[in-house]
Amino acid sequence: MLVDSHCHLDRLKLEQFDGGLNEVLDLARSRGIGKFLCVGISLDNADRVVEIAGQHDDVVCSVGVHPLDVESGLADVDRLIELSKQPNVVALGETGLDYYYSTETKDVQKQSFTAHLQAAAKAGLPVIVHTRDAREDTIELIREHGSREHAGVLHCFTESWEMAKAALDLNYYISLSGIVTFKNAAELREVAKQVPLDRLLVETDSPYLAPVPYRGKPNIPAYVREVAEFISELRGLEYEELAEITTNNFHRLFPRAA
């Protein structure tokens, strides 16, 4: 079995699928994907991801406010803890910092990220972290406000090995998406070779960032297999071995998903 550890099922492009989301998930299941983490990005879509998870036995979800969605509404620690008590919620996030697309909201992003880290520590939940061009601040806030016991994951990782190592030292996991298959991702592939196998996850981040050979097309959870196959070859492992390792890692990081 393989797990898509990060997908946005409420945002998938379903025009080509007559059966809608059910058809998309069935296609993934037919390729050996046995679980999906549907990730929340705002207060507006929290109810929707919870609803989707409630409709499918192999879907779990997270709730949180993406750093690029902070202007649409913030949640304080108490609100996040309350949201986390809903059925099938296994994590808080995605949260984090993104200075690539937005530097004007740095302070608000930090406020939001801190609230997620504090709420997760109190609720005993892992945190799903988005980080881009904010390496020092991301690690500093995790170190100051995060929980080593429950920790979390830097998802769709595209940063340096130095940042990956700093996160690993804080008991975090590293998740790789289809970006690792891109021709211009040589540095990321070096990171992919070094991440300890017991801290590695795979994801699609669908509908974004489809892996080769689907790059440029809408991404779907079924394509997490291409990500896993690429990494297994990169690391000299059998695909089945990498699938088993990353699935075990997923359930260790997100025990509520078991």
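Data block above holds the structure.
All chains use their own residue numbering, which begins from 1 and follows the written sequence. Two thresholds apply to this predicted model, a pLDDT of at least 70 for residue-level local features and 80 or more for giving and counting side-chain atom pairs, whereas whole-chain, interface and lining totals are computed over all residues. Water and hydrogen atoms play no part in the side-chain values, which are based on all heavy atoms of the structure.

### Concerning unusual backbone geometry
- In this model, Ser 206 is joined to Pro 207 through a cis peptide bond whose omega is 15°.
- Going along the chain from the N terminus, every DSSP run of H or I of four or more residues is numbered as a helix, and every run of E of two or more is numbered as a strand. Residue position: Pro 207 is located in the loop between strand 8 (200–202) and helix 8 (224–234).
- The linkage connecting Val 212 with the following residue, Pro 213, adopts the cis geometry, with an omega of 10°.
- If you trace the backbone, Pro 213 turns up in the loop between strand 8 and helix 8.
- Positive phi, close to 50°, is recorded for Ala 151, a residue that is not glycine.
- One non-glycine residue, Asn 171, lies in positive phi territory at about 80°.

### Here we look at a negative patch on the surface
- Candidates for patches are residues over 30% relative accessible area with no salt bridge; among them, like charges are joined within 9 Å and nonpolar side chains (Val, Leu, Ile, Met, Phe, Trp, Tyr) within 5 Å. All accessible-area figures derive from a Shrake-Rupley calculation using a 1.4 Å probe, and residue coverage is judged against the displayed protein chains alone. Any carboxyl oxygen of Asp or Glu within 4 Å of a side-chain nitrogen of Lys or Arg constitutes a salt bridge here. Note that His is not counted, nor are the chain ends; the positive residues are Lys and Arg, and the negative ones are Asp and Glu. Note that the charge is assigned to NZ on lysines, CZ on arginines, CG on aspartates and CD on glutamates. On the surface, Glu 238, Glu 240, Glu 241 and Glu 244 cluster together into a patch of negative charge.
- Mapped onto the fold, Glu 241 is located in helix 9 (residues 239–253).

### Focus: the nonpolar core
- Throughout, nonpolar core names a set of buried Ala, Val, Leu, Ile, Met, Phe, Trp, Tyr and Cys residues whose side chains join them through atoms within 4.5 Å. Only protein chains enter the accessibility calculation, which uses a 1.4 Å probe. A residue is then buried if its area is under 20% of the maximum for its type, exposed if over 50%, and partly exposed in between. The biggest cluster of nonpolar side chains holds 76 residues, and the ones touching the most others in it are Leu 9, Leu 154, Phe 157, Tyr 172 and Ile 174.
- Whether two residues touch is decided by their heavy atoms; if any such pair falls within 4.5 Å, the residues are in contact. Ignoring anything within four residues of it in the chain, the contact list for Leu 9 reads Leu 21, Leu 25, Cys 38, Ile 52, Val 59 and Pro 221.
- One finds Val 60, Ile 128, Phe 250 and Leu 253 within the second-largest nonpolar core, a separate group that totals 14 residues.

### Observations regarding the pairing of strand 1 (residues 2–7)
- Most of strand 1 is tucked away: 6 of the 6 residues are buried.
- Taken together, the 4 bridges between strand 1 and strand 2 (residues 33–38) define a ladder with parallel strand orientation. Paired with Asp 4 across the bridge in strand 2 is Phe 36.
- Remark: the strand 1/helix 1 (residues 20–30)/strand 2 crossover connection has right-handed handedness. Whether two strands pair comes down to DSSP finding at least two bridges between them. Assignment of crossover handedness uses the view with strands pointing away from the viewer, where a clockwise path from the first strand over the helix to the second indicates a right-handed crossover.

### So, the state of the cysteines
- The criterion for a disulfide is a pair of cysteine sulfur atoms lying within 2.5 Å. In the structure shown here, the tally under the stated rule is 0 disulfides.
- Cys 38 provides the cysteine sulfur closest to Cys 7, a residue in no disulfide bond, and the two sulfurs are 5.9 Å apart.
- Note on Cys 7: relative accessible area 0%, which makes it buried.
- Given a relative accessible area of 0%, Cys 38 falls into the buried group.

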